[in-house]
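Listed here are the chains, written in short residue letters.
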4 protein chains.
Amino acid sequence: MGNSIHEECGVFGVVSPARNGVADLAYLGLFALQHRGQESCGITINDEGTLRTHKDLGLVEDVFSRGELSRLGEGNMAVGHTRSGTSAGNDHASCQPIVVNHTKGRMAIAHNGNLVNAFELRVELEESGSIFHGSSDAEIISHVITRERMNSESIEQAVARSMDRLRGAYSMIVMTPSKMVAVRDEYGFRPLCYGQTEDGTYIIASESCALDAVGAEMIRDIEPGEIVVFDEDGVRSITDRCDKKPRRFCAFELIYFARPDSVISGCSVHEARLRAGACLALSHPVDADVVIGVPDSGLDAALGYARQSGIPYGVGFIKNRYIARTFISPGQKSRERKVRIKLNVLAKTVRGKRVVLIDDSIIRGTTSKRIVNLLRDAGATEIHFRSAAPPFLYPCYYGTDLGDRERLIAYKYSTEEIRKLIGADSLGYLDPADLAKLPGDSDVGLCCSACFTGDYPTEIAEEKMERETAK
Amino acid sequence: MGNSIHEECGVFGVVSPARNGVADLAYLGLFALQHRGQESCGITINDEGTLRTHKDLGLVEDVFSRGELSRLGEGNMAVGHTRSGTSAGNDHASCQPIVVNHTKGRMAIAHNGNLVNAFELRVELEESGSIFHGSSDAEIISHVITRERMNSESIEQAVARSMDRLRGAYSMIVMTPSKMVAVRDEYGFRPLCYGQTEDGTYIIASESCALDAVGAEMIRDIEPGEIVVFDEDGVRSITDRCDKKPRRFCAFELIYFARPDSVISGCSVHEARLRAGACLALSHPVDADVVIGVPDSGLDAALGYARQSGIPYGVGFIKNRYIARTFISPGQKSRERKVRIKLNVLAKTVRGKRVVLIDDSIIRGTTSKRIVNLLRDAGATEIHFRSAAPPFLYPCYYGTDLGDRERLIAYKYSTEEIRKLIGADSLGYLDPADLAKLPGDSDVGLCCSACFTGDYPTEIAEEKMERETAK
Amino acid sequence: MGNSIHEECGVFGVVSPARNGVADLAYLGLFALQHRGQESCGITINDEGTLRTHKDLGLVEDVFSRGELSRLGEGNMAVGHTRSGTSAGNDHASCQPIVVNHTKGRMAIAHNGNLVNAFELRVELEESGSIFHGSSDAEIISHVITRERMNSESIEQAVARSMDRLRGAYSMIVMTPSKMVAVRDEYGFRPLCYGQTEDGTYIIASESCALDAVGAEMIRDIEPGEIVVFDEDGVRSITDRCDKKPRRFCAFELIYFARPDSVISGCSVHEARLRAGACLALSHPVDADVVIGVPDSGLDAALGYARQSGIPYGVGFIKNRYIARTFISPGQKSRERKVRIKLNVLAKTVRGKRVVLIDDSIIRGTTSKRIVNLLRDAGATEIHFRSAAPPFLYPCYYGTDLGDRERLIAYKYSTEEIRKLIGADSLGYLDPADLAKLPGDSDVGLCCSACFTGDYPTEIAEEKMERETAK
Amino acid sequence: MGNSIHEECGVFGVVSPARNGVADLAYLGLFALQHRGQESCGITINDEGTLRTHKDLGLVEDVFSRGELSRLGEGNMAVGHTRSGTSAGNDHASCQPIVVNHTKGRMAIAHNGNLVNAFELRVELEESGSIFHGSSDAEIISHVITRERMNSESIEQAVARSMDRLRGAYSMIVMTPSKMVAVRDEYGFRPLCYGQTEDGTYIIASESCALDAVGAEMIRDIEPGEIVVFDEDGVRSITDRCDKKPRRFCAFELIYFARPDSVISGCSVHEARLRAGACLALSHPVDADVVIGVPDSGLDAALGYARQSGIPYGVGFIKNRYIARTFISPGQKSRERKVRIKLNVLAKTVRGKRVVLIDDSIIRGTTSKRIVNLLRDAGATEIHFRSAAPPFLYPCYYGTDLGDRERLIAYKYSTEEIRKLIGADSLGYLDPADLAKLPGDSDVGLCCSACFTGDYPTEIAEEKMERETAK
C-alpha cells in the first residue's frame, strides 16, 4: 500500500489555436506511442477551458472507437497518454491524463517517469488533507502542483516550484484551460520533444516518431530541467533549472524501449542499436556462419554485429503479428505454446549453421532459453548468444520495470552459469563501458546506467532501497 | 463549476463474517435498487482489508458481466451503489463507491442524498489541500470523513464528527477494512434500513425491497440521525444525534421514487399510493366510466381512486418492456415516436368512455399532453386528469432532480391553464394537506414537502437558492 | 436431426414506394413484437432490388446498434423478424429473414408458425438436391417456394402453389426485389394483419400493436388462406384458398402469447383475458378477500375475475423490470433466487387474507409452486389458484413450444394432485368449453384448442406424433 | 449477382482420436494462418458426429473469446478457416466452414482457392433445386459433393467424383461425422500439407508454418490431385488423379502471399524471396549506397538483392505494429495519414544516400508513390525501385484478388511511365522468366504465372473473361 508502481509511459500534447483537429492528432500520436504502454490510455481535450476526458484500460484501438473520438469533440488543445503499469496499478483510477477539478482552475496531467520520493510526498500530502484514489505518481504530482498553484502567479511558476519537491524521473505535460506546459526533470531520464505541423499546430511528444506520425517537423528536445510554455502567444522557455545536474538519459531507452525511428538529442535510436551490435562484435567475436536477431528489438543490433564482423546477416525468426493481449494461450503447456506461436524459426537460415543470436537483453532468462531451444531444434550446430544490454544487476527507480530483483538472472548467476542455463555455446553481454559509445556524436551525453552499475544519479532513500530489495 | 449535482441513488451493504457470497449478494441487491439509479453502478468488495472495486456508467446488467463479477472475488463485506445523475456528473469520476486509498486506512463510500452545503465544503477543502476529480457529494464527504479520521479514535467517531459538518440529505454506507458503518441524516430525508439473512449475513439497503430480493428478513429502519456499526462483534447503534430534529421523509419517495413493495418506517409504499388515489377521489370526484393509471407509477393511485369512487378500475395502457436506454429513436418525430412505442392505449378500455386518468405527477407537462392525446385518439369522450402529487413549485435541495425551475409547468401556469395546455377535461392535484395522510398509521411522521410548499426543513444558503433559481 | 423446432415468432413488413424510413420503421416494429421472440431478430432491406440483411442472436436492442441500423441504409421495402427458438435451433443459421440468392431472383422470407409436414418436405427436398444449413421451417419453405418459382409466372403464383405443399401453421412475409407478399395458412393459426401510415406506407405485422407502434392505422387482418400482394401498383388480394377450411386461431395466443393491446379479427386480446377471468369466477367461485394476478400475463384475467366475483382486485406482486436475459443468477439456490428477484410480494395486500391467485396457465408447475410459497411466506391465509388456461395435455404442432410432454404436470397428475403439489387451497382451470367464449362477438370464430383437447385441425403423421411423444 | 468472389483463405484440420484439445489446436492454427485471411474465420468441432460451429466476421482474436472457445467444447476432429474476401462477399453467409445438415449425414467444408466454372455450376445446381445463401465457392462445392454423396459409397468417393466437376483452384478439407478428407486440385495452385504432433494427432494446414505453430512435425505436402483420408484407421491416400496435369503452384504465393517461414514442396518461401532479390540484382543492377525493403513482405527480397549486389542492407522503415483493421483514419487527408502512421522512414538510413527500394510488387501504384515520397522527404538522393514480382497484366481466376483490371497500373502504362508516376529514379521488375528460378532445387516445379503472362493452365470460359474484363 502507498507504494508507487513503476511506469513506462508515453505522453503527447497538441496546441492548436486554430482548433485544427486536436482529438484526431492526439489519437494518431498515441498510436505512435503505443509501444511505450499498452495497459491503458487516454485523451483530454481542452475546448476553450472546458476539459473533456476519455481514458480506460486497453490499447488505443480498443479504448477509442469512432464514437468515443467524436464524443471528445473539437478543442484548441489536447493531451494524451499511454501507460504500461504493473498489475498492482492496473485500475481505472491510475489511467491518465489525471484531471483535477479545482476552484483555482482545472488541470490535466500526463506523466512519464518515476519519482524516487513518491512515498514520502504521499504521506506528507495525506497528512495535510490530500486523498488518493489510484497509485500513480501522476496523481501525487497533481497534488503537489495544485498546492503550489494556490500561491503562484501562473501555472509555470507552480510547475517550477514543484520541481523543487519532485525527485526522480519525470517528463510530463500539464494542461490548464489556457496553457500547455511541458517539463522534463533535471537529469532528463525520459525523452520529451516538440515540433510543429505545417499549419502551425504545436506537438509535444515523448518521442520524435510521434511527431513524424502526425506530419510534424521536429523543432528540438525539451532540455533536462527545462519548462516550455505553449499558449496563445506562442512558445516560451524557462531554463533556470537547466544544466544544474549532469544529463542522464536512460540507456535502456536506447537499447530497447524507444522506437528505432525516433531521434533523441540528435541520436538515431536505430543507429545507437547498430553501434551496440558493432561493440558486441568487437568485444565478443566468434567464428560463425550467420547473424540473426530476435524480432523486433534485437534486429538492429544483429545488423550492426553482422556489418562489423562481416558474417552474413540472416532472417532467423518470423514473428506472428496477430498475437495481441487477448490471445488465449490454452492448455497446459501454455507458456511454451505462446513462444512457439509468436516466434517461428526459419529453419533454412540456421540448419547446419553456426549462429550468432542477438537479443536486446536477458532479464529472467526463461525466454532466452526457449529461443535457444527453438534454434537447436531447427538444426543450428552452434548458438552464440549476444545481449545488446549489459547484465541487469540493480533495480531501476526511474521508471523501467524490471520486476523482482531476485528474478534477475544476472543478479543470481555468473555469465558462465547463465550460458549453461540457457543452453548457448557462448554468451556475451555488452560491456557497460561501451554504453558511452551508443549515442555516437550526438548530444545525449553520458547515459544513466544505474540498473547495470548501481551508480544512481540521484539520492535514493535507504528505506526505499530496502523496500525494493525486499520485494 | 464546483456545483454538486442532484443525485438519486441506491446504496447496498453486505457484512458476512462467514464470507458467504458477498459479491453475488451485492449484485442481486443492486438489481433490486436499479429503479433508484440507472446511470452508473458499482461494487467494492472488502476481502479482509483488501478493497476491490468495479464501477462504470451503465445498468447493473451491462456493468457486471459474469467475468467482472468473478474478478471481484470473495470477501467478508461489500458495498454497492446505483446512481442516476444529471448529465453534468455523468462521468466515471462520479461513479460510486468512492474509494479512498489513504495511509490512515482505506475506505469506500456509497451515498444517497444531496448536501445543501456541498459548495461551501468543497471550497473550504480545496483551500486546505483537497483535490476533486468528479462532482459527486460522495467525494466531498469522503474528504470530510478522512480529515476527521486523522483525529478520531474510530471510523464511527469520524463519521459522527463529520455529521456536524454535513448539512442536508445523506443516507450512506462507509466501509473500512474492518467495519461497515451505516448512517442517516438527522431529518431522515432518504430511506435506509437493514436486515439479516438466515445464515447471519447483515444486509443494509436503501429500501426493504432489496432485503426481500436477497432473502433477508428486515430488522428495522436506520433512524434519522443514527449511526449503525457492523463489524466482527456484531451490530452497535450510536443514537446521540437521533431525535434532535423533526423527521422529514421525502414525500416524493412515497409518491414516485420508492418501489411499491418497499416498507418504510412501517409504511407500505403501495398502500401510501392507494391512499393518494383515495384522497384524489375525495377531493376531485367526477362522474366517469373507468379509472386508468399511467404505468407503472400511476397504477396504484388509480386503483385507490377506483376503490374509493366506485368507478371501475381498467387497464388503459400497455407499456413496452423492451425499451431501454440504448433505444434509438430514429427520425424527425423522435420524441413523439418514443412515447408511442413505450405506451400503447388499450382502445377497448377507453373508446366512448369518460376516463379518469391518474399519473404520479405533472412536472413539465409535455408527456401528460401526449398521453391525453393518445387517449383522445383512441376515442375517450372525456379525460379527467388526476395527479397523485401536488403541483411542483420549488426546487428540491435534498436529492430529487426536478430540472430547471423555469420548466416546472406549475411554477408558470395556473391549474386551469395547465388543464388547457395538456388538453384534459378536468384536472385535479393531490392537496398538499393530504400528504400527511399518505403514511397512514406508520412511523413515517410528517413528510418533507418543500418542493410543493417551499417549507425547507434546513437552512438553505441564499446564494444557493439564487444559483438554483438562475439555473 | 432433421427435426424442425417449434418457433414462436413475430414478422413485420414495410412497403414504402416513397422510401420513407423503412429501416427505422422495421426497427420500431420489431420492438413492438419483441414479446413474440427474444432469441434472435433480423431485418432485410430491399433497396430497389438490392437486399441488405442484418440478423443475429439477441434482443432487437442488442442486435441493432445505431451503426448497424444506418449500415442497412434506405430502401423501398423491409421485412423484419423476431424469433424465440428452443436451444436446438439457437444458431445463426436459423436467424430470419432467410435470404435466398438465386438466378431466378433474390427473396427474403420471415415466417411465424410450425409446419406439420416439415420433416417429410425436408427429406423430399434433400433427395432432389437441396441442402439445409439451419433447422428452421422458414428454410424449408424458402426451398419449396423457390422450386415453385421456377415454373411460375409470378411470386404470388409460386406462393399459392407452395400452399398446396405446406401443411400446418404459417403466417409469413415473402419479399422479392419488386413485391411483398403476405400469406396466412388456411386455418389461420397465427395472427397477421396490415395497415397504412399517414404517408401511404403499408405495414404488415403479426399483431396490431406493431401497427400502433409505428403510427399506422389498421386496415384489416389477412384472412386465413389469403395471399396479399403489395407492389408499386398497390395492394391485391388472392382469396382462392380462403374459406376452404374452418378457422382455428390459436387459443393460447389469446390467453398468453399475444400482447393485450393487440386486436385480432376484431377481438381485443385484453378483453378476451377479462372474459377468461370472468369464466373462471363463474366456474370456480370462492369466498375470498382479494384477487391478485401474476404479472404481467395474469393481471387481465385477475381483473376479470375480480369484476365478475365482486371480490376486490389487488396488486399482489411487483415485477423487477431490469432482469433480462443476461442476468447472472449466481450461486447454488440459483433458480429460487431468480424467482425471488423477479417477483416480490406486496405483503400488505395478502397478509391475513384469503387470496384468489390468477396466472395465465400452469405448465410444469414449478413456478406456480414457488409463487404460492411466496404468498404463504407473506402471510396469506388461503390461496386459491386459478389458471386462465385449461390443463395442457397434448403437444402443439403449430408453433407453441410446451416442451417435453412428460413434463406437462397436467399430463401426469390429476387436478387434486396438482393442487397438493403446488400447495394451494383450491385449484381451478378454465373449462375448455369456455374457450369458445373468449373471442366474444368478434370474427375470431372457434379457436384451435388441440393442446388442451387433442383435437388437431390438421392431419398429424403418426410418425410425428410418436417422435413428439418419445421426445 | 451469381458471380463468385476471389478468395484468399487458410484451412486447418485436426484429427485426434484421443480427443486431445482439438479446439485449442484449431484456434492456434488459425492464428498462424491469419495472414491468409483477415475478414472472417471459423471453427467446426466434430464431437463423435455432433458438429458445433462458431464463425463470424473478424480476426481470430475478435471472433474467438475464451467463452466462445470453451462453448465449442471438445471433440475428436476440428476444421478451421480464415478468409479474406472482397466486400461483395463480406457477410456472415460466406463465412466458413460451410456446414451442411443433410439426411445423408452432416458435413463441414473449408476451402481455399477459386473455381473457374463456379458460375456454370451454380446455375446448373439452382436449376435442379439448390438454393444459395452466400457467394462463396465453398457453398457451391458443398452442393456438388452432397449430390455426389447420394450415389457414392463413401465421402472420399463423393469427393473424387466431384473433382470431375470442379474446375480451377481448390485446396480443401471436408469433414464428416467419421472422417476428414483433404484434397487438392490437379494443378496444385494453392498449398496444402499435413503433419503429426508427438501424441499422434494429425494436422492438415494450408501452410507448414501452422504445423510449426502447434508443434507438429511436417509429414509432406498433399500432392496435386491427391485425396488424403484421415479416420480412426489412420491415413489413406487416393492418387488416381495425381500427375494428370502439370503442376502449377501460384507464383504470387511464393512472392507475397505465403509466410516466409513456410516450406512448400521442399521450397522455403524465405529463400524463394532471397532468390527473387538476387535475380533483381542481376537483371536490374544499380550503383547505390543502401538496399532497403518495404516491411514486411519486401524485406526478404531486399536482403537477397543486398547479398547479390554487395550493396549494404539497411533498415529503411519502421512499421507500426498497432495499426489494425479498426484504426480510424480521421479527417481529410485520411489515406495519406494512414500510410504515414503505418510506415515511418528511418531518416538516418537514407539521408544523402542512393537507395535501392524493394517491394514485393506494384499493383495500383498509389502506395508505391507514397513510399517513394516518404524517402524523398527524408533526404534520399536517388531512389531505385525494384519490384519482386513481374508487372501484373492479367486477372487471376484461381484466387488472388487483384481488383479491377483497369486499375492495374502495368495494364495501362509502360514501365517508364510508371517510373515517372511513382517518382522513382529507376524502376525494375522481376523478369517473368526468372519466376522459374524462385523454387530453387525444390519440387515446386513450374509456377502458374498467368497474372503476369496470361498463360492460364486451365480453360477459362470466354464469357467469364469478358465478365472480368467488364468489371
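Residues numbered from 1 in each chain as written. Chains lettered and ligands numbered in written order. Predicted model: local features only at pLDDT ≥ 70, side-chain atom pairs only at ≥ 80, totals over all residues.

Observations regarding the overall build of chain A
Right, so step 1: When its secondary structure is counted, chain A shows 17 helices and 23 strands.
Right, so step 2: Relative to the compact-globule value of 23 Å for 471 residues, chain A shows a C-alpha radius of gyration of 23 Å, a close match.
Right, so step 3: In terms of overall dimensions, chain A has a C-alpha envelope of 70 × 50 × 45 Å along the principal axes.
Right, so step 4: Going through the 471 residues of chain A one by one, you find that 60% of them count as buried.
Right, so step 5: Sequence-distant contacts in chain A: of pairs separated by 6 or more residues, those separated by 24 or more amount to 72%. (Helix = DSSP H or I, 4+ residues; strand = E, 2+ residues; numbered from the N terminus. Rg over C-alpha atoms; globule rule 2.2 N^0.38 Å. Buried ≥ 20, exposed ≤ 12 C-beta atoms within 10 Å, placed from the backbone. Contact = placed C-beta atoms within 7 Å.)

Comments concerning the interface of chain D and chain C
Right, so step 1: Every contact between the two is made by 19 residues of chain D and, on the other side, 19 residues of chain C.
Right, so step 2: Listed by contribution, the elements that provide at least two residues to the side of chain D that touches chain C are strand 5 (98–102), helix 4 (118–127) and helix 5 (137–149) of chain D.
Right, so step 3: The residue inventory of the side of chain D that touches chain C, partitioned by class, reads five nonpolar, 12 polar and two charged. (Nonpolar A, V, L, I, M, F, W, Y, C, P; charged D, E, K, R; others polar.)

Some thoughts on the nonpolar core
Right, so step 1: Core analysis: the largest hydrophobic core is formed by 317 residues, its most contacted members being A:Leu375 and D:Leu375.
Right, so step 2: Excluding its chain neighbours within four sequence positions, the residues that come into contact with A:Leu375 are A:Val345, A:Val350, A:Val355, A:Leu357, A:Ala380 and A:Ile383. (Core = buried A, V, L, I, M, F, W, Y, C linked by C-beta atoms within 7 Å.)

Re the relation of the copies chain B and chain C
Mapping between the two copies of the chain is achieved by a rotation about an axis and a shift along the axis.
Right, so step 1: Once chain B is rotated about the relating axis by 180° and shifted along it by 0.0 Å, it coincides with chain C to within an RMSD of 0.1 Å. Read as a symmetry element, the transformation amounts to a two-fold axis. Among all residues of chain B, the one whose C-alpha sits closest to the rotation axis is B:Arg321, at a distance of 3.6 Å.
Right, so step 2: A share of 100% of the interface residues of chain B reappears at the interface of chain C, consistent with the copies meeting face to face through the same patch. (Least-squares fit on C-alpha atoms with pLDDT ≥ 70 in both.)

Observations regarding the arrangement of the chains
Right, so step 1: With respect to C-alpha atoms, chain A approaches chain C no nearer than 10 Å, and the pair has no contact.
Right, so step 2: With no contact between them, chain B and chain D keep their nearest C-alpha atoms 10 Å apart.

As for the pairing of strand 6 (residues 105–112) of chain C
Residue and element names in this part refer to chain C.
Right, so step 1: Most of strand 6 sits out of view: six of its eight residues are buried.
Right, so step 2: Two elements, strand 5 (residues 98–102) and strand 6, share five bridges in a ladder whose sense is antiparallel. Each bridged residue has a counterpart across the sheet, and for Ile98 the counterpart in strand 6 is Ile109.
Right, so step 3: Connecting strand 5 to the antiparallel partner strand 6 that follows it, the hairpin turn spans two residues. (Pairing = 2+ DSSP bridges.)

Things to note about the confidence of the model for chain A
In low-pLDDT segments, the atomic positions of the prediction should not be examined closely.
Right, so step 1: Across chain A, pLDDT averages 91, with 93% of residues at or above 70.
Right, so step 2: Every residue in residues 1–6 of chain A is under pLDDT 50, and counting partners more than four places away or in other chains gives 20 contacts. (pLDDT = per-residue confidence, 0-100.)

Concerning the interface of chain B and chain C
It is common to give the size of an interface as the accessible area that goes away when the parts come together.
Right, so step 1: Counting from both sides, the interface comprises 45 residues of chain B and, opposite them, 45 residues of chain C.
Right, so step 2: Only helix 1 (22–32), helix 2 (60–63), helix 3 (66–72), helix 7 (208–213), helix 9 (269–283), helix 10 (299–309) and helix 11 (334–342) of chain B provide two or more residues apiece to the side of chain B that touches chain C.
Right, so step 3: At five residues, helix 1 of chain B tops the list of elements feeding residues into the side of chain B that touches chain C.

Some details on the relation of the copies chain D and chain C
Right, so step 1: The two copies are related by a screw operation: chain D maps onto chain C through 180° of rotation and 0.1 Å of translation along the axis, at an RMSD of 0.0 Å.
Right, so step 2: Taken together, the interface assignments show that 100% of the residues at the interface of chain D recur at the interface of chain C, consistent with an identical surface on both copies.

A short note on the sheet that holds strand 17 (residues 290–293) of chain A
All names here are of chain A.
Right, so step 1: Reading across from one edge, 17-20-21-22 is the order of the four strands in this open sheet, with parallel pairing throughout. A strand with exactly one partner marks an edge of an open sheet, and here the two such strands are strand 17 and strand 22 (426–429). Each strand of the sheet is rotated relative to its neighbour by a mean of 20°, with strand direction disregarded.
Right, so step 2: Of the strand pairs in this sheet, strand 17 and strand 20 (residues 354–359) are connected by four bridges, and their pairing is parallel. (Axes fitted to C-alpha atoms, helices over the stretch in contact; angles between N-to-C directions.)

What to know about the environment of A:Gly310
Residues and elements named next belong to chain A.
Right, so step 1: On the secondary structure map, Gly310 appears in the loop between helix 10 (299–309) and strand 18 (317–319).
Right, so step 2: What makes Gly310 exposed here is the crowd of 8 C-beta atoms within 10 Å.
Right, so step 3: Taking C-alpha positions, Gly310 is 54 Å from Gly75, a pair spaced 235 residues apart along the chain.

Some remarks on the packing of helix 4 of chain D against helix 5 of chain D
Residue and element names in this part refer to chain D.
Right, so step 1: Packing of helix 4 against helix 5 leaves a shortest axis separation of 10 Å and a crossing angle of 50°. In terms of orientation, helix 4 lies oblique with respect to helix 5. In the packing of helix 4 onto helix 5, the handedness of the crossing is left-handed. For the pair helix 4 and helix 5, the contacting residues are Ala118, Leu121, Arg122 and Leu125 in the first and Asp137, Ile140, His143 and Val144 in the second.
Right, so step 2: Broken down by class, the residue content of the contact of helix 4 with helix 5 amounts to five nonpolar, one polar and two charged. (Parallel < 35°, antiparallel > 145°, perpendicular 65-115°, else oblique. Left-handed = near helix turned anticlockwise from the far one by under 90°.)

Examining the environment of C:Gln38
Right, so step 1: By secondary structure assignment, the location of C:Gln38 is in the loop between helix 1 (22–32) and strand 2 (40–47).
Right, so step 2: A sequence separation of 27 residues divides C:Gln38 from C:Ser65, and the C-alpha atoms of the two residues are 16 Å apart.

Some words on the domain arrangement of chain A
All names here are of chain A.
Right, so step 1: Domain annotation of chain A identifies domain 1 (7–245) and domain 2 (268–459 + 462–470).
Right, so step 2: A C-alpha centroid distance of 32 Å is found between domain 1 and domain 2.
Right, so step 3: At the interface, 14 residues of domain 1 touch 10 residues of domain 2.
Right, so step 4: A class-by-class count of the residues in the side of domain 1 that touches domain 2 yields five nonpolar, five polar and four charged. (Domains from an automatic or database assignment.)

As for the sheet that holds strand 21 (residues 382–387) of chain D
Residue and element names in this part refer to chain D.
Right, so step 1: Spatial strand order, 17-20-21-22: four strands in an open sheet with parallel pairing. Lying at the two open borders of the sheet, with one neighbouring strand each, are strand 17 (290–293) and strand 22 (426–429). Each strand of the sheet is rotated relative to its neighbour by a mean of 20°, with strand direction disregarded.

Quick notes on the packing of helix 9 of chain B against helix 10 of chain B
The description of two helices packed together rests on the angle between their axes and the distance between the axes.
Residue and element names in this part refer to chain B.
Right, so step 1: In contact at an axis separation of 6 Å, helix 9 and helix 10 are set at 50° when each is read in the N-to-C sense. As summarised for this structure, helix 9 and helix 10 are arranged oblique, according to the angle between their axes. Here helix 9 runs over helix 10; the crossing is right-handed. On the side of helix 9, the interface is formed by His270, Arg273, Leu274, Arg275, Ala276, Gly277, Ala278, Leu280, Ala281 and Leu282, while helix 10 contributes Asp300, Ala301, Ala302, Leu303, Gly304, Tyr305, Arg307, Gln308 and Ser309.
Right, so step 2: Here the residues of the contact of helix 9 with helix 10 are counted per class, giving 10 nonpolar, five polar and four charged.

Section: unusual backbone geometry
Working note: non-glycine residues mostly have negative phi, and peptide bonds are mostly trans.
Right, so step 1: Here the bond from C:Gln96 into C:Pro97 is cis, since omega is 0°, no more than 30 degrees from zero.
Right, so step 2: Checked against the element boundaries, C:Pro97 lands in the loop between strand 4 (77–85) and strand 5.
Right, so step 3: The backbone of B:Asp243 shows a phi angle near 60°, a positive value even though the residue is not glycine.
Right, so step 4: You can see B:Asp243 is positioned in the loop between strand 13 (234–238) and strand 14 (249–250).
Right, so step 5: For B:Asp243, a count of 13 C-beta atoms within 10 Å puts it in the partly exposed group.
Right, so step 6: The backbone of D:Arg19 shows a phi angle near 55°, a positive value even though the residue is not glycine.
Right, so step 7: In this fold, D:Arg19 is placed in the loop between strand 1 (7–15) and helix 1 (22–32).
Right, so step 8: Since 13 C-beta atoms lie within 10 Å of it, D:Arg19 is described here as partly exposed.

Regarding the pairing of strand 3 (residues 50–57) of chain C
All names here are of chain C.
Right, so step 1: Here strand 2 pairs with strand 3 via eight bridges, running antiparallel. Residue Thr44 lies in a different strand from strand 3, and its bridge partner there is Thr53.
Right, so step 2: The turn linking strand 2 back onto strand 3 is made up of two residues, and Glu48 within it adopts a positive phi angle of 55°.

Quick word on the environment of B:Ile140
Right, so step 1: Take B:Ile140: it is sitting in helix 5 (residues 137–149).
Right, so step 2: Between the C-alpha atom of B:Ile140 and that of B:Ala258, which follows or precedes it by 118 residues, the distance is 26 Å.

Points about helix 13 (residues 366–377) of chain B
All names here are of chain B.
Right, so step 1: With 12 residues, helix 13 should reach 16 Å at 1.5 Å per residue; the first-to-last C-alpha distance of 17 Å fits that figure.
Right, so step 2: By the burial criterion, the buried members of helix 13 are Ser368, Ile371, Val372, Leu374 and Leu375. Within helix 13, the buried residues cover an arc of 155° as seen down the axis, which keeps them to one side.
Right, so step 3: Phi turns positive one or two residues past the end of helix 13, at Gly379, with a value near 105°. (Expected span 1.5 Å × (residues − 1). Arc of directions from axis to C-beta.)

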